[in-house]
Structure formats: C-alpha cells, structure tokens
Amino acid sequence: MKYSGWPDSGELVVGKVDEITDFGVFVDLEEYEDKRGLCHISEVASGWIKNVRDHVREGQTVVAKVLEVDTGSQQIDLTIKDVNEHQRKEKIQEWKNEQKADKWMSIAFGEDVSDDEYGAVANAVLAEYETLYDGFEQAAIHGTAALEDVDLDEDEVEAIVQTARQNVSVPYVNVTGYVDLRCPTGDGVDHIKDALKAAEGDDVPEEIQLEVTYVGAPEYRIKVRAPDYKTAEGALEDAAARAEDVIEAAGGTAQFHRERHEDDE
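These figures come from a predicted structure and were not determined experimentally.

Draft legend 1. Looking closely at the pairing of strand S1 (residues 12-20). Relative to strand S4 (residues 61-70), S1 runs antiparallel, the two sharing 5 bridges. Residue pairing across strands places Lys 16 opposite Thr 61, the latter belonging to S4.

Shown next as structure tokens:
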C-alpha cells in the first residue's frame, strides 16, 4: 500500500536512492505513489563532502526527513543528515511492519483484491488504529473485539482476525505473584480450593493465560502471560483479589506478595 498524496514537512520517510549527482541525491519515496525527493549535497552528511558516493550509493534504502514540499513544482526537499540513528531504526521497523501488513491484507482478501476494496478496508482500519500493522496485531491479540468499532462487515472482520491469528507474532510478557491463603475453620481446605478456583477466574480474556499452582502451604503461585505489562499486572492483581474475597468471606485470610518467602526457597 502506498499513499497517493504528499508527505508533510518534518515527516520521516523511507526511500531508495535512485540517482546520485554532483549536487545531491534523488530518492524514490517507498511509501508514496510516484513521489521523488531531492537531498541536496549539503543535507546528505554533516561537514564538507568531497564525494557524495562516499556516503550513499544507488539502490540504498535511506531514511530522510522532509524539509519542504512544493506541490506546484512537484518538488520534495529532503535531509538525510538530520535523521539520527534511533529515528532511522524506528522508521525502518515501522516501514517493515507496514510491508508485513500489506502482505497480510493480500492473504486476507486475495492477491487479486481490487484497489477500491483494499483502500476501503485499509481506511476503515486506519480510522481506528495508527497503522495497519497495529490493527492486525490487536486483532491477533483480542480477536473480533479489536475490530468492533471498525466500519467493516462480519466477513471482513473474520478475514482479518483469521489472518492475524495465523501470521502475526504477538509479543507477550510474563509476571508472577504469590498469595498466602489461610482458613482456620474445619472445612478450611475446601474454602482454600474455592479461593484458588476463583483466582483462576471464569471469564479471563482469551489473550491472557493465567495459572495458579501450589508452592508450599500456605503459599500459592499465580503466573500470568499477557500482551503487555499493564494487562499482565492488572490480571495478576485481579486474580489475587478474587482469591482474597472468597477466603475472607469464609473467615480466612489472604496476603498477596510479589516475591517468594525466603524461608520457602
């Protein structure tokens, strides 16, 4: 997918060096249809430049910043030297992600999908998410719920979710906590079992994996695997709170802590 419009001043763009001259470098913009920019020799690298080819070569992929756009003269002025290494790596990764998303769109809707259909689906996703890649990643994590506010029909949503689940590698994090459960009543063991079952939950979101295991009385381990730390930490605290509510209602006590007790190591 390439944008049909013009880049904005200050925007970072990915391009391929098409032509090198004595006065600068012409760069074909990879993200825009039929757009070519010029990076003057003074904007290729810092300091005095004897030979532009010492800094860039034909066919090289570069990240540049847009200095100025003149739609009337069809000219885009670029700078390469003002892009730092962090910006370059981040932009290249973003560009690669969008290439992946473009491939996933072809898988979801077919290689022969029309430009109109592709554009309609892409624009609907981009109305909700910053990039197509973000939309597919969220669909892989949350399923159809990620697209419930996107203006797509059921078949389109299902095609995206199915493709995302099969192709998107979702980043996951793991967090662990511990809860001490005590219940002095005669049927305390049963109440502790009920508390552990409550900790596991009946309606935990499908993107979250939660496991409760025995460590050594009265300590139990809660392990959570989720797409991000905020979600994982929330699920961990909720699980401990569910156990606490059940055991305290039965006359017992609960204590949540993040590290194992030293004497249990």
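From this point, the discussion proceeds with the structure in view.
Draft legend 2. Highlighting the domain arrangement of the protein. Partitioning the protein into structural domains gives domain 1 (11-81), domain 2 (87-167) and domain 3 (173-257). Between domain 1 and domain 3, the C-alpha centre-to-centre distance is 57 Å.

Draft legend 3. Quick peek at the packing of helix H1 (residues 85-109) against helix H3 (residues 132-142). Relative orientation of the contacting elements H1 and H3 amounts to 65°, with a least axis distance of 8 Å. With respect to the hand of their crossing, H1 and H3 are arranged in left-handed fashion. Every residue of H3 that contacts H1 at Asn 97, Glu 98, Lys 100, Ala 101, Trp 104 and Met 105 is listed here: Leu 132, Tyr 133 and Phe 136. Residues of the contact of H1 with H3, tallied by class, amount to 6 nonpolar, 1 polar and 2 charged.

Draft legend 4. Quick peek at the UniProt feature "domain: S1 motif" (unreviewed entry) in the protein. Here the UniProt-annotated "domain: S1 motif" (unreviewed entry) positions come out as residues 10-81. Structurally, residues 10-81 comprises 0% helix and 49% strand, and the distance from its first C-alpha atom to its last is 13 Å.

Draft legend 5. Quick look at unusual backbone geometry. One non-glycine residue with positive phi stands out, namely Asp 34, at about 55°. Mapped onto the fold, Asp 34 is located in the loop between strand S2 (24-29) and strand S3 (36-40). Despite not being glycine, Gln 74 has its phi angle at roughly 55°, a positive value. For Gln 74, the position within the fold is in the loop between S4 and strand S5 (75-79).

Draft legend 6. Molecular detail of the packing of aromatic side chains. All chains considered together, the criterion is met by 4 aromatic pairs. With 5.5 Å between their ring centres and 55° between their planes, Trp 104 and Phe 136 make a pair best called tilted. One end of the pair, Trp 104, is in helix H1; the other, Phe 136, is in helix H3, and 32 residues separate them in sequence. Considered together, Trp 104 and Phe 136 belong to a single accessibility category, that of buried residues. Among the aromatic residues, those joined into a ring-pair cluster are Trp 104, Tyr 133 and Phe 136.

Draft legend 7. Structural view of the environment of Ile 141. Mapped onto the elements, Ile 141 comes out in helix H3. What makes Ile 141 buried here is its relative accessible area of 6%. Note: C-alpha distance between Ile 141 and Ser 169 (28 residues apart in sequence) is 9.7 Å. Setting aside chain neighbours within four positions, we find Ile 141 in contact with Arg 165, Val 170, Glu 207 and Pro 227.

Draft legend 8. Seen up close, the pattern of salt bridges. Using the criterion set out here, one finds 9 salt bridges in the structure. Residue Glu 19 pairs with Arg 36 through a salt bridge whose shortest N-O separation is 2.9 Å. Of this pair, Glu 19 sits in strand S1 while Arg 36 sits in strand S3, and the two are 17 residues apart along the sequence. Several salt bridges share partner residues, and in doing so they unite Asp 18, Glu 19, Asp 28 and Arg 36 into one network.

Conventions adopted
- Residues numbered from 1 in each chain as written.
- Predicted model: local features only at pLDDT ≥ 70, side-chain atom pairs only at ≥ 80, totals over all residues.
- Heavy atoms only, no water.
- Pairing = 2+ DSSP bridges.
- Helix = DSSP H or I, 4+ residues; strand = E, 2+ residues; numbered from the N terminus.
- Domains from an automatic or database assignment.
- Axes fitted to C-alpha atoms, helices over the stretch in contact; angles between N-to-C directions.
- Left-handed = near helix turned anticlockwise from the far one by under 90°.
- Contact = heavy atoms within 4.5 Å.
- Nonpolar A, V, L, I, M, F, W, Y, C, P; charged D, E, K, R; others polar.
- UniProt positions renumbered as here; feature names shortened; annotations may be inferred.
- Phe/Tyr/Trp six-rings, centres within 6.5 Å; stacked < 30°, edge-to-face > 60°.
- Buried < 20%, exposed > 50% of the residue type's maximum accessible area, 1.4 Å probe, protein only.
- Salt bridge = Lys/Arg side-chain N within 4 Å of Asp/Glu carboxyl O.

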